[in-house]
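Observations on the three-dimensional arrangement
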Amino acid sequence: MMQFLRKHMKWIFLFVALCFIATIFFVWGLGRTELDNENSILAVVDGQKINQAEFERKWSDVCQSNNIDESNMPVFQAILFKKQVLNEMVFDILINKYITSGAIKLTDDDRELVKLYIKAICTQQYKTDYTSLDANGFKIVEGMARNYVLRMKLKSSVSEQVKLSQTELTEEFLKKNEQRKFKYIDISAGKFAQLTAIGNTDAKSYYDANKFSFRTPEKYRIQVVTGDISAEKAKLLAADASKKNDLVSAAALMGLKAGVSEFSLYELVPGVDFEASEEIKKFIKTCSAGEVSSPVKARKGYAVARFLEKLPSGEMPFESVKTGIENKLKTDKAVPLAEAEGSKIVAALAAGKSFEQATAGYKASSTSFVKSTDTQKEIEDYSYLLNGGFNLPKPGTARTIRHNGGCFVVQLVDAKQPTQEQFNKEIESIRKNMTEAKQKALEGEFAGWLRKKYKVVDNSDKVFNKSL
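Notes on the structure in this doc start here. (Residues numbered from 1 in each chain as written. Predicted model: local features only at pLDDT ≥ 70, side-chain atom pairs only at ≥ 80, totals over all residues. Heavy atoms only, no water.)

Quick look at the sheet that holds strand β13 (residues 456–458)
The three strands lie next to each other as β2-β1-β13, forming an open sheet whose pairing is antiparallel. Among the strands making up the open sheet, the edge pair consists of β2 (48–51) and β13. Averaged over all adjacent pairs, the angle separating strand axes in this sheet is 15°, with direction ignored. As defined by bridge partners, strand β1 (residues 41–45) adjoins β13 across three bridges and the pair is classed as antiparallel. Looking at the pairing, A43 lines up with D458 of β13. Docked against the sheet, helix α4 (residues 75–100) engages β1, β2 and β13, running at close to 25° with respect to β1. (Pairing = 2+ DSSP bridges. Helix = DSSP H or I, 4+ residues; strand = E, 2+ residues; numbered from the N terminus. Axes fitted to C-alpha atoms, helices over the stretch in contact; angles between N-to-C directions. Contact = heavy atoms within 4.5 Å.)

Below, the structure written as structure tokens:
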């Protein structure tokens, strides 16, 4: 084991460097909880507090490390990311508590590994030999190295619980590579909407309970010209638009058409490709209203934009969404009626009727041979059809599949099996992906167990949601 470790010492240096930096940020944060007040406490883990200032330092570090620009995303998405970072901080404390409880023991080989990590920390971070540390300094570094080895051991013990049978691997391979052909009909819930009713206050209750969904994001409004425009022509256009303070009229004089677009910073500018959209976003974040951009290189030609105004985010009035909510609630109530109709058709198929006979009155469609991972945008809710269809046991069998606006009745017509050669080629990749997925699932279960073992109180919603 020691020979292996020494052979891979450079990777140990790298891991320790990353771990050490993260630990420094974490420890600095924990040392300031005495300044907390009740409103700044985001979470409490078995009595240990995570305050807002500590979290903001961690959040800033994560943003810098991953090139995240919070101003470029909608508030709800930023809150989601922040919750993920906070959960990682909570989990970090939980792991420390679990390790310090003595639940994991070091073996002789583990202790040798700790020694190697001590040397690596000193060499990489302190730029000194470990023998030059005083007793207190050595104790701190030894604690870091020991903690990291115990964390690795804990992660390894969780990973070792993952066992994959040959049957599981084969089923996953077939799920990804078997091809199937289906016949299907779509029974719309709208057909039964007249049989359903909602109360006078149902729509308002739904609106009040889901206000988060009825917000308009902050948007920017611009005039934009794009297309197969030369660099020289784009320069003349930008100069003329600046003089006239109007891109639309300047474009018209050159035989070009300018459109008015509205978009949020996490969307593409309508009609503009990705690279040019990003350049236009950079421009509008720093310019004044009425300003015209320099020509922006697009995949084909150039684009020129003129910033009009910034539209603030806000709640959609209830009256503006009332009809849509009522239609949704009626549809939700009508879906079970569509399923009941579908069940009668499935029963008729099982009794021996042909698909055409059993589905008379509906538009029957067929697919070509498809895989479970295929996409087919022209069929709405296509993923539901595939997920359900690939659970049918054999050709000739049928089932109902619920989707957002009703249900499918799907019959498996034929199946085409992949080759042994294809199996041999892909099995190791499938094994790797399945193992990683199972490991993550186990780690999630372990995290849930730790949260129950050590009481966790999460107060972050009332702090994060203030920004909405």
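Quick notes on the side chain of S460
For S460, the location among the structural elements is in helix α16 (residues 460–464). At a separation of 2.7 Å, a polar atom in the side chain of S460 contacts the side chain of K83. (Polar contact = N/O pair within 3.5 Å; in protein donor to acceptor, adjacent residues only side chain to side chain.)

With respect to the sheet that holds strand β12 (residues 406–416)
Strands sit in the order β10-β3-β12-β11 across an open sheet of four strands; the sheet is antiparallel. Edge positions in the sheet fall to β10 (365–366) and β11 (398–403), since each of these pairs with one other strand and no more. Where β11 lies against β12, six bridges are found, and the strand directions are antiparallel. Across the sheet, I401 pairs through a bridge with F408, a residue of β12. Sitting on the sheet, helix α14 (residues 382–389) touches β3 (179–188), β11 and β12, and the angle it makes with β11 is about 145°.

Focus on the environment of K452
Take K452: it is sitting in helix α15 (residues 420–453). In sequence terms K452 and K462 are ten residues apart; their C-alpha atoms lie 22 Å from each other.

What about the packing of aromatic side chains?
A full pass over the atoms with the stated rule returns 13 aromatic pairs. With a centroid separation of 6.0 Å and an interplanar angle of 85°, the aromatic rings of Y184 and F408 are classed as edge-to-face. Linking Y184 in strand β3 with F408 in strand β12, this pair joins segments that are 224 residues apart in sequence. Considered together, Y184 and F408 belong to a single accessibility category, that of buried residues. Judged by centre distance (5.9 Å) and plane angle (45°), the ring pair of Y220 and F307 falls under tilted. (Phe/Tyr/Trp six-rings, centres within 6.5 Å; stacked < 30°, edge-to-face > 60°. Buried < 20%, exposed > 50% of the residue type's maximum accessible area, 1.4 Å probe, protein only.)

In short, shape yes, function no, at least from these values alone.
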